[in-house]
Amino acid sequence: MGDPAEIDSDHNWKDQRSTYDALRARCAVAREDDRWVALRHAEVVAAATDAAAFSSNVSARRAIPNSLDGTQHATYRAVVDRYLTDERVAREEPRCRAHAAAIVDALPRGVTVKTIAHIGTPYAVRSQSTWLGWPADLEEELVAWIRDNHAATRSGDRQRTAEVAERFDQMIRALLETRRNTPTTDVTNELLNDTVEGRPLTTEEIVSILRNWTAGDLGSLATSVGVIVHFLATKPDIQREVRALVETGDRTALAAATEEILRIDDPFVSNRRVATRVVNLGGEQIAKGEGLLLNWTAANRDPLVFGDPDRYDPDSNADANLVFGIGPHVCPGRALTLMELRVMLEELMGRTNWIDPAPDRPAIRETPPVGGWARVPIVLR
Ligand code: HEM
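An unreviewed UniProt entry lists the protein chain under the name Cytochrome P450, with Nocardioides islandensis as the source organism.

Here is the structure:
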């Protein structure tokens, strides 16, 4: 899929979206090393919604519910869904708002601040810690972990990624141990007492569930803040429009704006599948046992569906938006994420008059395969 190490004339990591755009124009499904990559919207949707042909059981490690298929997936997915209902998400909102307000108020005005390091990451870690009932003093460890996890993903070294994942599991196991001794009333403790198929969840299952709520998604939330703030800082007309939505309190339109910005520049790049039988997809024959990458970022920019992929049009593009996936594994954290991002936008817009890109430092793209931006320096007015 092109050389991920390409850099442009500004010595910036090349925007990987342009590589995907060019490749998708040539083929719906591409071959990359020893696996296939679905790039067009129709093929990504077809594969994601056909779990019988494309299994999510792609790694040696059992991930709940991500790596499960069929009825087993449905059983565990029901457990996860109970924690992420609209009602529960609404209950979290005041706490998220308090974090967002404190973060924005503490930032200096008129000088360069770092969107991801100073806003996105602390907001993601603090919001998730209060949701799960985790102690505030875990923040430093979680921030360091997000950094190391990104670095491991960028390196493409599976051994290193596995080590970082193991470190996370150890952190959670230690936390669960203290919880068993001194029970509290929070989501983590609820999981410790929860059941599946009439028996208590095992420690391994709880660790796996918590890993999938936090490990991948802490980073995604922080990166999403980077993408959204970069978009608004560099597109004054849309920043003005979003500020007007904040002023009128149009929450639905704000959530739609958020999802549309993430469609244009989707930082959650891909998920894996493995073919359970011979399957024809986008004119290619995929053999049983071959791997397939669902490239959400590429599919979300497919001109066959969205026309000009960079045209910001929340209303027209909402129905085909794939930022949170589709099919049985569609993201159960969508409502929580959209609430958290909306609240951050409301506080950021409401507590500033304007956001400019920093004049002294350029924004820098993440290194593929990680999506979005690594650095988004801005100035708050
Ligand atoms: C910007 C933030 C997020 C994005 C872009 C995102 C995106 C996605 C996507 C595309 C999938 C589909 C995966 C697949 O088909 O294999 C997914 C699944 C999942 N997401 Fe999210 N997600 C985000 C935040 C969250 C949050 C905050 C949580 C939990 C609190 C969460 C929990 C999960 C879980 C558990 C799954 C697996 C569901 C299953 O296998 O049934 N996500 N997410």
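Peer 1: Honestly, the coordination of the iron atom of the ligand in this entry has me stumped. Any pointers?
Peer 2: There is one protein donor for the iron atom of the ligand, namely C331 (SG), at 2.3 Å. With respect to the helices, strands and loops of the structure, C331 is situated in the loop between α14 (314-317) and α15 (334-350).

Peer 1: What is the right way to read unusual backbone geometry from this model?
Peer 2: Where the residue is not glycine, phi is negative for most of them; where a peptide bond is considered, it is trans in most cases. Of note, the bond from I64 into P65 is cis; its omega dihedral lies within 30 degrees of zero at 0 degrees. Tracing the chain through its elements places P65 in the loop between β3 (54-55) and α3 (70-82). The phi angle at D33 is positive, at roughly 50 degrees, despite the residue not being glycine. In this fold, D33 is placed in the loop between β1 (29-32) and β2 (35-38). By relative accessible area, D33 is classed as exposed at 70%. Although it is not a glycine, E197 adopts a positive phi angle of roughly 50 degrees. Within the secondary structure, E197 sits in the loop between β5 (195-196) and β6 (199-200).

Peer 1: Before we go on, may I ask you to explain the nonpolar core in this structure?
Peer 2: Soluble globular proteins: nonpolar side chains tend toward being buried together. Among the nonpolar cores identified, the biggest contains 81 residues, and L210, W213, L232, V242 and I378 are the most heavily contacted of them. When residues of this core are assigned to their parent elements, the largest contribution, 16 residues, is made by helix α9 (residues 203-234). Excluding residues that lie within four positions of it along the chain, L210 makes contacts with L132, W134, F168, I172, L176, T188, L191 and A215. Judged by nonpolar contacts, the second largest core, of 19 residues, contains A28, V44, L281 and L322.

Peer 1: Just checking my understanding: could you explain the sheet that holds strand β14 (residues 377-380) for this structure?
Peer 2: Working definition: the strands of a sheet are paired by backbone hydrogen bonds and lie parallel or antiparallel to each other. Strand order in the open sheet made by the three strands is β4-β14-β11, with antiparallel pairing throughout. Single-partner strands in this sheet number two, and they are β4 (112-114) and β11 (355-357). Taking each pair of neighbouring strands and ignoring which way they run, the sheet shows an average axis angle of 45 degrees. Relative to β14, β11 runs antiparallel, the two sharing three bridges. The partner of D356 across the bridge, within β14, is V379.

Peer 1: So what exactly am I meant to see when it comes to the packing of helix α4 (residues 86-106) against α15 here?
Peer 2: Any two packed helices are characterised by how steeply their axes cross, that is the angle between the axes, and by the distance between the axes. Contact geometry for α4 and α15: axes closest at 9 Å, N-to-C directions at 30 degrees. Regarding α4 and α15, the two cross each other, and that crossing is right-handed. Contacts between α4 and α15 involve D86, V89, E92, E93, C96, R97, A100, A101 and V104 from the first element and A335, L336, M339, E340, R342, V343, M344, E346, E347 and L348 from the second. Classifying every residue of the contact of α4 with α15 by side-chain character gives 11 nonpolar, no polar and eight charged.

Peer 1: Is there a simple way to think about empty space enclosed by the protein in this case?
Peer 2: Which parts of space are left empty comes out when a probe the size of a water molecule is rolled across the atoms. What the rule picks out here adds up to two cavities of 30 Å³ or more. Of the pockets and cavities examined, the largest cavity occupies roughly 60 Å³. Residue lining of the largest cavity: 13 residues in total, with D15, Q16, R365, G371 and G372 positioned closest to the centre. The class makeup of the residues in the lining of the largest cavity is two nonpolar, four polar and seven charged. There is about 50 Å³ of room inside the second largest cavity. Lining the second largest cavity we find V225, I228, V229, L341, M344, L345 and L348. The greatest single-element share of the lining of the second largest cavity, amounting to four residues, is contributed by α15. Taken together, the residues of the lining of the second largest cavity break down into seven nonpolar, no polar and no charged.

Peer 1: Would you mind going over α4 with me for this structure?
Peer 2: Across its 21 residues, α4 extends 30 Å between first and last C-alpha, which sits within 8% of the 30 Å expected from 1.5 Å per residue. At E93, α4 is bent by approximately 35 degrees, the largest bend along its length, and proline P94 sits one to four residues beyond. Taken together, the buried positions of α4 are R88, V89, E92, E93, C96, H99, A100, A101, I103 and V104. Buried-residue contacts for α4 involve α3, α5 (115-132), α8 (187-192), α11 (251-264) and α15.

Peer 1: Just checking my understanding: could you explain the side chain of E260 for this structure?
Peer 2: Along the polypeptide, E260 turns up in helix α11. Given a relative accessible area of 1%, E260 falls into the buried group. Within polar-contact distance, the side chain of E260 engages the side chain of R263 at 2.8 Å. A polar atom in the side chain of E260 sits 2.8 Å from the side chain of N317. If near-sequence neighbours (up to four positions away) are discounted, E260 is found in contact with R311, Y312, D313, P314, N317 and N321.

Peer 1: Before we go on, may I ask you to explain the sheet that holds β3 in this structure?
Peer 2: Here five strands make up an open sheet; going across it, the order is β1-β2-β10-β7-β3 and the pairing mixed. Here the strands that pair on one side only, and so sit at the sheet edges, are β1 and β3. With two bridges joining them, β3 and strand β7 (residues 270-275) adopt antiparallel strand pairing. Pairing of F54 across the sheet is with A275, part of β7. Relative to the sheet, helix α2 (residues 41-48) contacts β1, β2, β3 and β10 (291-295), its axis offset from that of β10 by approximately 120 degrees.

Conventions and cut-offs
Residues numbered from 1 in each chain as written. Predicted model: local features only at pLDDT ≥ 70, side-chain atom pairs only at ≥ 80, totals over all residues. Heavy atoms only, no water. Donors = N, O, S within 2.8 Å, 3.2 Å for Na, K, Ca; no water. Helix = DSSP H or I, 4+ residues; strand = E, 2+ residues; numbered from the N terminus. Buried < 20%, exposed > 50% of the residue type's maximum accessible area, 1.4 Å probe, protein only. Core = buried A, V, L, I, M, F, W, Y, C linked by side-chain atoms within 4.5 Å. Contact = heavy atoms within 4.5 Å. Pairing = 2+ DSSP bridges. Axes fitted to C-alpha atoms, helices over the stretch in contact; angles between N-to-C directions. Left-handed = near helix turned anticlockwise from the far one by under 90°. Nonpolar A, V, L, I, M, F, W, Y, C, P; charged D, E, K, R; others polar. 1 Å grid on protein atoms, 1.4 Å probe; cavity = no way out; pocket = protein on both sides within 12 Å on 5 of 7 lines; lining within 4 Å. Points joined across faces, edges and corners; volume = space filled by probe spheres on them. Expected span 1.5 Å × (residues − 1). Bend = angle between axes of the 7 residues up to and from the residue. Polar contact = N/O pair within 3.5 Å; in protein donor to acceptor, adjacent residues only side chain to side chain.

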